[in-house]
Amino acid sequence: MLAWSSSDTPEEAVGTCDIPDLDVSMDMWSYFHTCLVSIWLHRFYIYSAVALGISLWIVIQFTTTRAKRKPLEKGEQSRGSPSSPEGASDKLGNGCAPRQAQRIHVAGVKIFYGSQTGTAKRFAKALAEAVFSLNLPVEIINMEDYDPEDGLVEETSSRNICVFLVATYTEGQPPESAVWFCKWLEEAANDFRVGKSFLQGLRYAVFGLGNSAYVDHYNTVARRMDRWLWMLSASRIMARAEGDCNVAQSKHGSIEADFEAWKDKFLTRLQALCRGEKKPCRGKCKKGKCKTSGKQSKESSDREDGTSEQDNTEAEELFESSSEEEAGGTDSVIDVEDLGNVMSHMKKAKREQELQEGAAGAERREMITPALRKALTKQGYKLIGSHSGVKLCRWTKSMLRGRGGCYKHTFYGIESHRCMEATPSLACANKCVFCWRHHTNPVGTEWRWRMDQPEQILQEALEKHQNMIRQFKGVSGVKTARLEEALAVKHCALSLVGEPIMYPHINHLVRLLHQQGISTFLVTNAQFPEEIRRLEPVTQLYVSVDASTKESLKRIDRPLFKDFWQRFLDSLKALAEKQQRTVYRLTLVKAWNVDELKAYADLISLGKPDFIEVKGVTYCGESSASSLTMANVPWHGEVLSFVQELARLLPDYGIACEHEHSNCLLLAHCKFQVDGEWRTWIDYGRFQELVRERERSGGARTFTAAEYTARTPPWALFGAKERGFDPLDVRFQRKNKARDTSGC
């Protein structure tokens, strides 16, 4: 049992137990009080530490903010400069675009092409492959399938690089596929309602395809397109480049080489843009360093209306392409009054340079470029040296099988299986709409290529021709006797392609042919009158008369010479001076030149040819270089009606022969109708005798066409039931087979 004392109560007992807790609380307060007193005593040091911390924080914040503002200011400056390549790309950095997008300087490449024959399209594909190898998106666009009004505006902010590959076609006009694109661009550049900054931000490069042989229209489409884009404030990433089909004038030897050189520069420039390079290129890149003369002057656009197209281009290039050394390292502006002097100085310097190169014996280039060699070889040409060729005519193949000869066999008695079709010059001064070579051969107005010797040309031509003949040995239907005869060439048609009379040693080549007993049929396009006058006697000299008026000749033949019509007329006059056999060759193209009978009659009276061949045009298949179709090919009845109407206007001529298979008829001068019989055939043996007599006399002995004529057989005459087909052969009718259009 628990006992309590009298002096203790329960409450007192409990209070005695809480005394230790009170002591702990007093100790904590004492410690806290001590700390406060210590802080107060050392307050000066604490204030100094806080001030130092705040100062460090302010310095760090100021430094960080300044570092962030520097790239922002640079971005604003590039957006304010229209000429900066990054101006357009930085627009995507505005608003809420992600920061990562601001570091993309080139989003991709769009390649636009305008092509007539397919070269620009081929170049576009090659460029696309090269760009793709740089891991950049690339798109090839045909200008025909593109709406520039909506599409080009989008490119001002797309960060893409736009490349324009465009050819210049007839009369300085764009290809059909690029007509609308160029038309819209021209109207936009010259329309006051369209702002001059309409395409600001679009970055572009231009490569033109042309032929400097067409002096007045060389690369005019590319030059105009470049200027129009620039007038709309688009930014060039590099100077315009121009490819030249004229190998003699091409900077790198061919248009393919010109393109490859430009492509390398473009890829280098593209890689620089991808790295964020800001300096615009003016095409003066040397050893990886881009030299710039400064901003291009807008004042040149104000002068364009008062100067010629050529002067505009040269002035513009002068503003764009001057190096820092030439410009003195500052922006250069040329006074309008001095512009003419500058142009004259540039042209004079260019002429002096050409004369110096000629005097130094600069090596001339080959006419046949690797690309041209490949194209012609694919077409069946056997190329000789650097500018000649030979090909087997389809009529040679036909006569080997006994299926009939060509119209020359009917009209003049040649043996088609013994005829070699060749040319010493693949180049021509025209680009006729009906050219069966589809304009794969080069063009030119004078000989500016490396030249092979006539002995080499003749030897290789005979060898290659004979090799092609030997390939018919054992072929079904080939007559053994004719195959053996064909190995001994008796005739040479210098009409394969191009302009044979351009070859400087044509007279020597003709003499070599005659020395081997080979007759010569030479065709010229009536653009070289002096060469016709200097030409020594050939068996038969042809002049192509494809039209009878200046306008139609320009439209059909598309000549290179500015004075083509006067040259044409002078060539006909030169033909009238020849004493040997001469021929006009008329090619009828329906809806082009069949309604000019009176004009044709006037031209015939000018040249006084011995014979007039009238032939319907041969359709050689679809070609991007020509708009002809089967609708332009006249029926034989239509050709016959034309010849009959023409004969009524020519009292001194009569219809002598017909070759229905070739859609061809022959008008002959009445002097070849002796005792009521036509003598259009040639006595080839007699011709060779006359040539040898002339050579022995040193040229004193001349002879005329009447001295080597032969009687025309009845089956070859106009009106005969054979219609010009040799009864010794058997006519072969093709069924559902592609027609061979090769031959003369």
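It should be emphasised that the depicted structure is a prediction, and the values quoted were computed from it without experimental measurement.

Moving on: the overall build of the protein. For the protein, the helix and strand inventory stands at 26 helices and 22 strands. Counting over 744 residues, the protein shows a buried share of 49%. Pairs at least 24 apart in sequence give 76% of the contacts found in the protein among residues at least 6 apart. Surface summary for the protein: the accessible area is close to 37300 Å², and the carbon and sulfur share equals 53%.

Looking now at the packing of helix α24 (residues 597-607) against helix α25 (residues 636-649). Where α24 contacts α25, the two axes come as close as 10 Å, and the packing angle between them is 55 degrees. Considered as vectors, α24 and α25 are oriented oblique to each other. You can see that α24 and α25 cross each other, and the crossing is right-handed. Of the residues in α25, those touching α24 at L597, K598, Y600, A601 and I604 are F642, E645, L646 and L649. Residues belonging to the contact of α24 with α25 are distributed by class as follows: 7 nonpolar, no polar and 2 charged.

If you look at soluble globular proteins, the nonpolar side chains tend to sit buried side by side. Counting 87 residues, the largest nonpolar core has V545, F568, L586 and I612 as the members making the most contacts within it. With 7 residues, helix α23 (residues 564-576) is the largest single contributor of residues to this core. In contact with V545, not counting residues within four places along its chain, are F568, L572, Y584, R585, L586, T587, Y600 and L603.

Attention now moves to the confidence of the model for the protein. Averaged over every residue, the pLDDT of the protein is 80; the share at 70 or more is 76%. Looking over the protein, one finds the lowest element-wise mean pLDDT in helix α13 (residues 324-327), namely 32, and the highest in strand β21 (residues 681-682), namely 98.

Structurally, the position occupied by S544 is in strand β14 (residues 540-544). A relative accessible area of 4% means that S544 is categorised as buried. A polar side-chain atom of S544 sits 3.5 Å from a polar atom in the side chain of R585. Other than its neighbours up to four places away in sequence, S544 contacts V523, T524, N525, A526, F568 and R585.

We now examine the sheet that holds strand β15 (residues 581-588). In spatial order, the strands read β9-β10-β11-β12-β13-β14-β15-β16-β18-β17; together these 10 strands make up an open sheet with mixed pairing. Both outer strands of the open sheet, β9 (382-384) and β17 (653-659), are each paired with one neighbouring strand and no more. Each neighbouring strand pair of the sheet contributes to a mean axis angle of 25 degrees, computed without reference to strand direction. Pairing between β17 and strand β18 (residues 664-669): 6 bridges, direction antiparallel. Directly across from G654, in β18, lies its bridge partner A668. Strands β12 (491-494) and β13 (519-524) of the sheet are contacted by helix α20 (residues 506-515), whose axis makes an angle of about 150 degrees with β13. Sitting on the sheet, α25 is in contact with β15, β16 (611-616), β17 and β18, with an inclination near 15 degrees to β18.

With that settled, the discussion passes to a nonpolar patch on the surface. Residues W29, F32, L36, I39, I46, Y47, V50, I54, W57 and I58 make up a contiguous nonpolar surface patch of roughly 1100 Å² in combined accessible area. Of all elements in the fold, only α2 (19-41) and α3 (43-79) reach the threshold of two or more residues within the nonpolar patch. Tallying contributions element by element places α3 first for the nonpolar patch, with 6 residues. For I54, the location among the structural elements is in helix α3. Given a relative accessible area of 46%, I54 falls into the partly exposed group.

Here the structure, examined in full by the defined rule, presents 28 aromatic pairs. Arranged with centres 5.0 Å apart and planes meeting at 20 degrees, the rings of F112 and F164 form a pair that is stacked. Residue F112 is located in strand β1 (residues 108-114), and its partner F164 is located in strand β3 (residues 160-167); the two are separated by 52 residues in the primary sequence. Given the relative accessible area of 0%, F112 is considered buried. Given a relative accessible area of 0%, F164 falls into the buried group. Geometrically, the ring pair formed by F259 and W262 is tilted, given 6.0 Å between the ring centres and 35 degrees between the ring planes. Of this pair, F259 and W262 both sit in helix α10 (residues 255-274), 3 residues apart, which is roughly one turn of that helix. Of the two residues examined, F259 and W262, each falls in the buried class.

On to helix α8 (residues 179-190), then. With 12 residues, α8 extends 17 Å between its outermost C-alpha atoms, agreeing within 8% with the 16 Å of an ideal straight helix rising 1.5 Å per residue. Among the residues of α8, those classed as buried are F181, C182, W184, L185, A188 and A189. For α8, the angular spread of buried residues about the axis comes to 165 degrees, placing them on one side.

This next bit is on helix α22 (residues 550-557). Along α22, the positions that sit buried rather than exposed are S552, L553, I556 and D557. Down the axis of α22, the buried side of the element spans an arc of 105 degrees, and every buried residue falls inside it. Those residues of α22 that are buried lie in contact with α23. One or two positions beyond α22, positive phi appears at R558, with a value near 50 degrees.

Here we come to the packing of helix α18 (residues 454-470) against α20. For the pair α18 and α20, interaxial distance at closest approach is 9 Å and the crossing angle is 45 degrees. When the interaxial angle is binned, α18 and α20 end up oblique. Once α18 is placed against α20, the crossing between them reads as right-handed. Across the interface between the two elements, P454, E455 and L458 from α18 touch H508, L509, L512 and L513 from α20. Residues belonging to the contact of α18 with α20 are distributed by class as follows: 5 nonpolar, 1 polar and 1 charged.

Quick look at unusual backbone geometry now. The phi dihedral of R159 is positive, around 65 degrees, even though this residue is not glycine. Looking at where R159 falls in the secondary structure, it is placed in the loop between α7 (148-154) and β3. Exposure remark for R159: the relative accessible area of 4% places this residue in the buried category. At D675, a residue that is not glycine, the phi angle is positive and equals roughly 55 degrees. Along the chain, D675 turns up in the loop between β19 (673-674) and β20 (677-678).

In total, this model carries 32 salt bridges according to the counting rule given. Among the ionic pairs, R723 bridges to E660, the shortest N-O distance being 3.8 Å. With a gap of 63 residues between them, R723 in the segment after β22 (709-710) and E660 in the loop between β17 and β18 connect regions that are remote in the sequence. Overall, R723 belongs to the partly exposed group, its relative accessible area being 29%.

Glancing now at the side chain of N211. Positionally, N211 belongs in the loop between β4 (203-210) and α9 (220-231). On the accessibility criterion, N211 (13% relative accessible area) is buried. In this structure N211 touches Y218, D244, C245, N246 and V443, once residues within four positions along its chain are discounted.

Parameters and conventions
- Residues numbered from 1 in each chain as written.
- Predicted model: local features only at pLDDT ≥ 70, side-chain atom pairs only at ≥ 80, totals over all residues.
- Heavy atoms only, no water.
- Helix = DSSP H or I, 4+ residues; strand = E, 2+ residues; numbered from the N terminus.
- Buried < 20%, exposed > 50% of the residue type's maximum accessible area, 1.4 Å probe, protein only.
- Contact = heavy atoms within 4.5 Å.
- Areas by Shrake-Rupley, 256 points an atom, 1.4 Å probe, with all protein chains shown as cover.
- Axes fitted to C-alpha atoms, helices over the stretch in contact; angles between N-to-C directions.
- Parallel < 35°, antiparallel > 145°, perpendicular 65-115°, else oblique.
- Left-handed = near helix turned anticlockwise from the far one by under 90°.
- Nonpolar A, V, L, I, M, F, W, Y, C, P; charged D, E, K, R; others polar.
- Core = buried A, V, L, I, M, F, W, Y, C linked by side-chain atoms within 4.5 Å.
- pLDDT = per-residue confidence, 0-100.
- Polar contact = N/O pair within 3.5 Å; in protein donor to acceptor, adjacent residues only side chain to side chain.
- Pairing = 2+ DSSP bridges.
- Patch = residues over 30% accessible without salt bridge, like charges linked within 9 Å, V, L, I, M, F, W, Y side chains within 5 Å.
- Salt bridge = Lys/Arg side-chain N within 4 Å of Asp/Glu carboxyl O.
- Phe/Tyr/Trp six-rings, centres within 6.5 Å; stacked < 30°, edge-to-face > 60°.
- Expected span 1.5 Å × (residues − 1).
- Arc of directions from axis to C-beta.

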